[in-house]
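Chains, contacts and geometry: an overview
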Amino acid sequence: MSIEINHVSKSYGSFQILKNINFTIQTGELIALLGPSGSGKTSLLRIVAGLEQADEGQIVFNGQDLTNARIKDRKVGFVFQHYALFQNMTVFHNIAYGLNVLPRKYRPSKKEIKEKVEKLLSLIRLEPYGKRYPSQLSGGQRQRVALARALAIEPKILLLDEPFGALDAKVRKELRDWLRHLHESVGITSIFVTHDQEEAFEVADRVVIMHDGKIEQIGTPEHVYDHPANPFIYDFIGSANRFEGKIAGGKFVDGDFETDAPEYPGEVTQGLGFVRPYHFIIEKQKSGNQSLKAKIKHVQPVGPIVRLNLERSDTHDLLHVEMNREEFSRLDLHADELVHLKVKKVQIFSTGQ
Ligand SMILES: Nc1ncnc2c1ncn2[C@@H]1O[C@H](COP(=O)(O)OP(=O)(O)OP(=O)(O)O)[C@@H](O)[C@H]1O
């Protein structure tokens with residue numbers, strides 16, 4: 001089932017929380033809505049679900065306009081951050097719940113329900129746990145049950161709102177891998193809300209990055225990471241060093257840092273440059289013209305890489321640089337040493353004025 005979100009806007013009073021949101025989710029796709037707190041992710045998800053109404057725009061499922069359809073006619077399954085399992089029901093009955101409450105003429109037989117729940121228990125890898133109560137499960141197991149319960153009614157669409165938000169980092173990581181596999185085997189069109197960039201990038205086919213009620217960029221995780229569309233995305237995803245300077249005559253200049261900016265040939269304007277920590281070369285001796293003098297302030301080995309904090313000699317701004325351990329040993333670098341930095345890759349944005 002495909003989902004078209006057509007020019008959706010929504011306000012609370014004079015505060016507009018969604019501003020002309022417009023994109024299509026293909027059948028079977030897993031989309032992550034990613035953005036800082038308050039960017040409008042949950043509101044958009046609730047509008048797709050039918051829990052809220054948009055002020056403008058349409059929600060279209062497989063070509064059918066469901067903007068005004070009731071929740072139960074949309075056939076969506078939900079999983080929220082806080083496991084909303086029924087505490088007084090066993091795992092089995094929690095999963096069977098949506099089927100047991102169907103009107104008699106749609107309700108499967110007891111035997112069919114039992115078979116279905118057993119299949120779902122196997123899908124979430126909790127076969128032996130059917131007789132347990134939610135209080136006898138770990139947080140991660142409860143979220144898997146919540147997912148099985150959502151899948152029991154065979155929804156056309158699955159909506160997940162920070163489903164792993166309340167769990168610790170290790171369990172979150174396991175559940176991410178597990179959700180990805182589950183999605184590959186079930187293939188249901190899904191929207192996953194998160195503010196965790198790593199989670200979105202690991203799980204989703206495409207990520208939709210939201211900020212301030214607007215979409216900043218849509219693309220595959222690889223594309224968004226390699227080609228952030230604007231400074232907000234550079235700052236939001238992954239760590240990047242930020243250079244504030246001027247663009248003039250096809251060049252970007254910030255203190256002693258100078259680089260070509262051929263995408264802005266004739267402009268004279270303020271600009272921002274972003275450099276990922278692993279896009280620097282450190283040299284002991286200055287070579288060529290385009291290098292930047294800096295002092296090593298702190299060295300921190302982390303597994304196979306070494307993280308360095310350096311202070312620029314011109315502006316005294318801090319830079320974060322990463323290199324592999326072999327390269328670090330080969331160069332024999334030390335704290336308080338003055339070195340020369342070259343930049344392998346930089347992305348420049350004009351910020352106007
Ligand atoms: N019922 C409401 N009445 C008034 N304002 C609301 C209501 N619901 C949400 N908002 C506001 O709308 C904006 C978007 O909220 P939303 O929950 O969609 O953001 P979010 O990106 O999901 O954030 P988070 O990651 O913190 O859950 C926020 O500024 C929020 O305060």
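Cut-offs applied
Residues numbered from 1 in each chain as written. Predicted model: local features only at pLDDT ≥ 70, side-chain atom pairs only at ≥ 80, totals over all residues. Pairing = 2+ DSSP bridges. Helix = DSSP H or I, 4+ residues; strand = E, 2+ residues; numbered from the N terminus. Axes fitted to C-alpha atoms, helices over the stretch in contact; angles between N-to-C directions. Core = buried A, V, L, I, M, F, W, Y, C linked by C-beta atoms within 7 Å. Buried ≥ 20, exposed ≤ 12 C-beta atoms within 10 Å, placed from the backbone. Contact = placed C-beta atoms within 7 Å. Domains from an automatic or database assignment. Nonpolar A, V, L, I, M, F, W, Y, C, P; charged D, E, K, R; others polar. Parallel < 35°, antiparallel > 145°, perpendicular 65-115°, else oblique. Left-handed = near helix turned anticlockwise from the far one by under 90°. pLDDT = per-residue confidence, 0-100. Expected span 1.5 Å × (residues − 1). Arc of directions from axis to C-beta.

Where an unreviewed UniProt entry is consulted, the chain appears under the name Sulfate/thiosulfate import ATP-binding protein CysA, with the organism given as Sporolactobacillus putidus.

1. What to know about the sheet that holds strand β19 (residues 338–343)
Taken in spatial order, the five strands make up an open sheet running β15-β19-β16-β17-β18, and their pairing is antiparallel. Of all the strands in the sheet, just β15 (280–283) and β18 (318–324) have a single pairing partner and so form its edges. Between one strand axis and the next, the sheet turns by 45 degrees as a mean value, whatever way the strands run. Here β15 pairs with β19 via four bridges, running antiparallel. Bridge pairing in β19 links F280 to V343.

2. A few points about the nonpolar core
Core analysis: the largest hydrophobic core is formed by 78 residues, its most contacted members being I31, A32, L33, V48, A148, L159 and F192. Sort the elements by how many residues they give to this core and helix α4 (residues 139–152) lands first, with seven residues. In this view, L33 contacts K41, L44, L45, I191, V193, V208 and M210; residues no more than four positions away in its chain are not counted.

3. Some thoughts on the pairing of strand β12 (residues 251–254)
Burial along β12 is one-sided: F252 and D254 are buried, and none of K251 and V253, which face the opposite way, are. Bridge count between strand β11 (residues 241–248) and β12: three bridges; the pairing is antiparallel. Looking at the pairing, K246 lines up with V253 of β12. Count of turn residues in the β11/β12 antiparallel hairpin: two residues, of which G249 carries a positive phi of about 55 degrees. Two elements, β12 and strand β13 (residues 257–260), share four bridges in a ladder whose sense is antiparallel. Across the sheet, the residue bridging to V253 is E258, located in β13. The hairpin turn running from β12 into β13, its antiparallel successor, is two residues long, and G255 in that turn takes a positive phi close to 60 degrees.

4. Considerations on the environment of G213
Residue placement: G213 occurs in the loop between β9 (206–211) and β10 (214–219). Between the C-alpha atoms of G213 and R176, which are 37 residues apart in sequence, the distance is 26 Å. When sequence neighbours within four positions are dropped, the list of residues in contact with G213 reads Q16, I17, L18, K19, S39 and G40.

5. Let's talk about the domain arrangement of the chain
What the domain assignment lists for the chain is domain 1 (3–235) and domain 2 (239–352). Computed from C-alpha atoms alone, the centre-to-centre distance between domain 1 and domain 2 is 40 Å. Contacts between the two partners involve four residues from domain 1 and, on the opposite side, five residues from domain 2. Looking at the side of domain 1 that touches domain 2, its residues break down into two nonpolar, one polar and one charged.

6. Structural notes on the packing of helix α3 (residues 110–123) against α4
Close contact between α3 and α4 brings their axes to 10 Å; oriented N to C, the two are set at 140 degrees. One finds that α3 runs oblique with respect to α4. As for how α3 packs across α4, the hand of that crossing is right-handed. Side by side, α3 and α4 meet where K116, L120, L121 and L123 of the first sit next to A148, L151 and A152 of the second. Among the residues making up the contact of α3 with α4, the classes are represented as six nonpolar, no polar and one charged.

7. What to know about the pairing of β11
Of the pairings in the sheet, the one linking β11 to strand β14 (residues 269–275) comprises seven bridges and is antiparallel in character. Within β14, the position partnered with E244 by the bridge is L272.

8. Structural notes on the confidence of the model for the chain
Summarising the model, the chain shows a mean pLDDT of 91, and 99% of its residues fall at 70 or more. Overall fold confidence (pTM) sits at 0.84, and the ipTM for the predicted complex is 0.92.

9. Re helix α1 (residues 41–49)
When α1 is considered as a whole, its buried residues turn out to be K41, S43, L44, L45, I47 and V48. Within two residues after α1, G50 carries a phi angle of roughly 95 degrees, on the positive side.

10. Points about helix α5 (residues 169–186)
Between the first and last C-alpha of α5 there are 25 Å, a value that for 18 residues agrees with the 26 Å anticipated at 1.5 Å per step. Turning to α5, its buried residues number three or more, namely R172, L175, R176, L179, L182 and H183. Looking straight down α5, one finds that the buried residues subtend no more than 135 degrees of arc, so they occupy a single side. Residues of α5 that are exposed and angled more than 90 degrees away from the buried face: K170, D177, H181, E184 and S185. Against β3 (30–34), α3, α4, β8 (189–194) and α6 (197–203) lie the buried residues of α5. Two residues or fewer past α5, G187 is found with a positive phi of approximately 65 degrees.

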